[in-house]
Amino acid sequence: PIALAGTGMALEELRSALVAANVNQPKGNLDGPRQNYTLATNDQLGTADSFEPLLLAFKNGAAIRLRDVAQVVDDVENSQLAGWAGEQRAILLNVQRQPGANVIETADRVKALLPQLAASMPEAIHVRLLADRTETVRASVEDVQFTLALTIVLVVGVIYVFLRSLRATIIPGVAVPLSLIATFGVMYLCDYSLNNLSLMALTISTGFVVDDAIVMIENIARYIEEGDEPFDAALKGARQIGFTIVSLTVSLVAVLIPLLFMGGIIGKLFQEFAVTLSIAVGASAILSLTLTAMMCAHLLQSEHDKKEGALARMFERGFAATLRAYERGLDWVLLHRRTTMFSLLLTLLATVWLALVIPKGFFPAQDTGFVLGVTEAPADVSFSRMVSLQRAVSDVLRRDPAVAEVASFIGADGTNASTSQGRLNIALTPREQRRDDMRTVLARLGEAVRQVEGIRLYLQPVQDLQIDSRSAQTQFQYTLEDSDPDELREWAPRLLAALRERAELKDVASDQQAKGLETRVVIDRDSAARLGVPTQAIDDTLYDAFGQRIVSTIFTQLNQYRVILEVSPKFQESPDTLSALYVRASTGEQVPLRALARFETGETALAINHQGQFPAVTLSFNVAEGVSLGEATQVIEDVRAELQMPDTVRASFAGAAQAFQESLESEPVLIAA
């Protein structure tokens, strides 16, 4: 064989020698009358250098050692994986929280461990944080917390402007935080967290929880103004208004019932929002019927003799003018009842019409400062060529003033389906330091990378709220599946080409990789049998030579190191190498592979994806500027209908696009409810 020419050894024999030379098995012990000895040997080779003098065979009285026929080097386990942070080679570690774990707490604990991890590394290895996705989550939560506090202040301030009484303002001013505290308690029992949705519900509830208190205060104050004592007025007013407050609360909660029973991923998201808001409204009703009434009995006083200041009189005149305008409008409406009812009908019809024609979208795009890039080269690209293309793309991106960090990696793994694909994690500078928004930056980066020939770049902004279960080149996904792979290979490219012609869509891509090159070793089984070469021996030889085969393992106290067998890289560059390969026959003789097989070059699929049990192709797309997701999905359905695709090719939206379709289907029922 290539590396062992002149030694009479086959790759199979070399593999067997490596396996036999490096072992780690129990040996037992010697148990004498008084002492016990544990048996140990130097059966394990611990370093690459210790493999070099390994004795393989004797030929013409001369010893053949491993270093005579091979190079032994320390390297990575898989040489066709590579990653970079900026210009430097790097190992990229993505940390994801477990379901149910608090993302901020998880990130803080990981950061706390980094100094300890760095201290255990060699000095040549630098450990640094490339990007922290929780920064936007923290900023969002802080912003909602500020909004919540500001809302409470504004609500209490508006109440004071209308009531013009510090005593009366204190009552709802106490009811609001107490309602929120009660809500926190129930949220704790429900195992809810303080997140964007629950905080948003609390912010909205601030305007609701004060309504019950205001209604109660207004009714009790009316009786006090009529001459009742505050305590009697509180009893009378609370008794009279109690049913109204209960009906107010029930009606508000009833509006939220559809959200509680909404299905799909959207229902899961808004369920916590609806429950939190319902709890807050219910707590405010209980407090209004108890605490608010009690505080009115002790704090409210008759203010007939109180002199109002100039500002209070000005507000009063404004309120009176507003009331007079409302009375005139009400009088006109009651005098023109048919016109009023007709306008109601027109409004209803206009609402239905607008609901049908208004552009429909899903979640608005969020500028988190992070961008995911997917690179795609021709399916037959070599790994070394892909390295140069990926680094060229990274260099272009890092020259943009809006880009702070670029980390990238290539190679077939759990993320990339083949060596012709790569990923880039792009961290932008903080929003306040950037002149342009996310959309402008993405357009500029995409245009700059088009200068790099031989590779395409797809960009999509990373969202805090992301519901896609699979990775794709662009944001939204449309999946085709068929039990007939040939039919799928025919129609998927046709649909892809048609969608790329539509202006409503951009960056349309496919995960179908059907143009890879294949060298097929066609075995002449009769010749192989005649020469005594089993098919297994052919497969083993090919795997030994080109498969980065793990043949042994070095065990240490800290780690495990794989021993990899392959031919020298210079023999892995061309199919011509196969003609120089020898296979060991059952008689022990070396048989040229070309004597029992022929070599054919053709195209093959680098990866075949499945959805369920059927082959599937996923087309991904972004929507053009000014186009809604609803318009984009309709365009795809129209194009599919125009192509008259057979019914055996089943098509459906996936990920965020699928959730959007499901939300549209349930929307009329929820509005009716």
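The rules we used
Residues numbered from 1 in each chain as written. Predicted model: local features only at pLDDT ≥ 70, side-chain atom pairs only at ≥ 80, totals over all residues. Heavy atoms only, no water. Helix = DSSP H or I, 4+ residues; strand = E, 2+ residues; numbered from the N terminus. Buried < 20%, exposed > 50% of the residue type's maximum accessible area, 1.4 Å probe, protein only. Expected span 1.5 Å × (residues − 1). Axes fitted to C-alpha atoms, helices over the stretch in contact; angles between N-to-C directions. Parallel < 35°, antiparallel > 145°, perpendicular 65-115°, else oblique. Left-handed = near helix turned anticlockwise from the far one by under 90°. Contact = heavy atoms within 4.5 Å. 1 Å grid on protein atoms, 1.4 Å probe; cavity = no way out; pocket = protein on both sides within 12 Å on 5 of 7 lines; lining within 4 Å. Points joined across faces, edges and corners; volume = space filled by probe spheres on them. Nonpolar A, V, L, I, M, F, W, Y, C, P; charged D, E, K, R; others polar. Phe/Tyr/Trp six-rings, centres within 6.5 Å; stacked < 30°, edge-to-face > 60°. Salt bridge = Lys/Arg side-chain N within 4 Å of Asp/Glu carboxyl O. Patch = residues over 30% accessible without salt bridge, like charges linked within 9 Å, V, L, I, M, F, W, Y side chains within 5 Å. Areas by Shrake-Rupley, 256 points an atom, 1.4 Å probe, with all protein chains shown as cover. Lys, Arg positive; Asp, Glu negative; His and termini not counted. Charge placed at Lys NZ, Arg CZ, Asp CG, Glu CD. pLDDT = per-residue confidence, 0-100.

Draft legend 1. Structural context of unusual backbone geometry. In the Ramachandran plot, aspartate 507 falls in the positive-phi region, its phi being about 55 degrees despite a non-glycine side chain. Topologically, aspartate 507 is positioned in strand E12 (residues 505-510). The exposure class assigned to aspartate 507 is partly exposed, which follows from its relative accessible area of 26%. For glutamine 548, which is not glycine, the phi dihedral falls at a positive 45 degrees.

Draft legend 2. Looking closely at helix H6 (residues 196-225). Given a rise of 1.5 Å per residue, 30 residues ought to cover 44 Å, and the 44 Å separating the end C-alpha atoms of H6 matches this to within 8%. Once H6 ends, the next one or two residues include glycine 227, with phi positive near 115 degrees.

Draft legend 3. Structural context of the packing of helix H5 (residues 166-189) against H6. The geometry of H5 relative to H6 is characterised by a closest axis approach of 9 Å and an angle of 140 degrees between their N-to-C directions. With respect to their mutual orientation, H5 and H6 come out oblique. Seen from above, H5 lies across H6 with right-handed handedness. When H5 is examined against H6, the residues Ala168, Ile171, Pro172, Ala175, Val176, Ser179, Leu180, Thr183, Phe184 and Met187 are found in contact with a partner set consisting of Ser198, Leu202, Ser205, Thr206, Val209, Val210, Ala213 and Ile217.

Draft legend 4. Highlighting the layout of surface pockets. Its boundaries defined by the atoms lining it, the second largest pocket holds a volume of some 1100 Å³. Top element by residues in the lining of the second largest pocket is helix H12 (residues 438-449). It accounts for seven residues. Residues that form the lining of the second largest pocket fall into these classes: 22 nonpolar, nine polar and ten charged.

Draft legend 5. Focus on empty space enclosed by the protein. One pass over the full model with this rule turns up one cavity of 30 Å³ or more. If you add up the space inside the largest cavity, you get close to 40 Å³. What lines the largest cavity is Trp84, Gly86, Glu87, Gln390, Arg391, Ser394, Asp395, Arg398 and Ser408. Per element, the largest residue contribution to the lining of the largest cavity is five residues, and it comes from helix H11 (residues 383-398). Among the residues making up the lining of the largest cavity, the classes are represented as one nonpolar, four polar and four charged.

Draft legend 6. Just the packing of aromatic side chains, in detail. All chains considered together, the criterion is met by three aromatic pairs. Ring centres of phenylalanine 476 and phenylalanine 621 lie 5.7 Å apart, and the angle between their planes is 35 degrees; on these two criteria the pair is classed as tilted. Placement of phenylalanine 476 in strand E11 (residues 476-481) and of phenylalanine 621 in strand E20 (residues 614-623) is noted, with a sequence separation of 145 residues between them. Judged by its relative accessible area of 7%, phenylalanine 476 is buried. For phenylalanine 621, a relative accessible area of 2% translates into the label buried. Ring centres of tyrosine 478 and phenylalanine 653 lie 4.7 Å apart, and the angle between their planes is 55 degrees; on these two criteria the pair is classed as tilted.

Draft legend 7. Spotlight on the side chain of glutamine 513. Along the polypeptide, glutamine 513 turns up in the loop between E12 and strand E13 (516-523). Non-local contacts of glutamine 513, meaning those with residues more than four positions away in its chain, are made with Ala417, Ser418, Ser420, Gln421, Thr604, Ala605, Leu606 and Ala607.

Draft legend 8. Region of the structure containing the pattern of salt bridges. All told, the structure shown has 23 salt bridges when counted by the stated rule. Its salt-bridge partner being aspartate 544, residue arginine 549 comes within 3.0 Å of it at the nearest N-O pair. Assigned by exposure class, arginine 549 and aspartate 544 land together as buried. Its salt-bridge partner being glutamate 600, residue arginine 598 comes within 2.8 Å of it at the nearest N-O pair.

Draft legend 9. Representation of a negative patch on the surface within the structure. On the surface, Asp49, Asp74, Asp75 and Glu566 cluster together into a negatively charged patch. Tracing the chain through its elements places aspartate 75 in the loop between helix H2 (66-69) and strand E5 (82-85). When its relative accessible area of 61% is taken as the criterion, aspartate 75 is described as exposed.

Draft legend 10. Highlighting the confidence of the model for the protein. With 97% of its residues at a pLDDT of 70 or more, the protein shows a mean pLDDT of 86. Looking over the protein, one finds the lowest element-wise mean pLDDT in helix H17 (residues 655-672), namely 76, and the highest in H11, namely 94.

Draft legend 11. Just the environment of alanine 427, in detail. With respect to the secondary-structure elements, alanine 427 resides in strand E9 (residues 421-428). On the basis of relative accessible area, alanine 427 is assigned to the buried category, the value being 8%. Measuring from C-alpha to C-alpha, the distance between alanine 427 and arginine 133 comes to 9.8 Å, with 294 residues separating the pair along the chain. Filtering out sequence-adjacent residues up to four positions away, alanine 427 remains in contact with Gly369, Phe370, Val403, Ala404 and Glu405.

Draft legend 12. Representation of the environment of tyrosine 192 within the structure. The topology assignment puts tyrosine 192 in the loop between H5 and H6. The exposure class assigned to tyrosine 192 is partly exposed, which follows from its relative accessible area of 23%. In this structure, the C-alpha to C-alpha distance between tyrosine 192 and valine 583, residues 391 residues apart in sequence, is 65 Å. The residues contacting tyrosine 192, other than those within four sequence positions of it, are Met187, Glu272, Val275 and Thr276.

Draft legend 13. Fine view of the side chain of serine 628. By the element assignment, serine 628 lies in the loop between E20 and helix H16 (629-643). Setting aside anything within four residues of it in sequence, one finds serine 628 in contact with Pro359, Lys360 and Val623.

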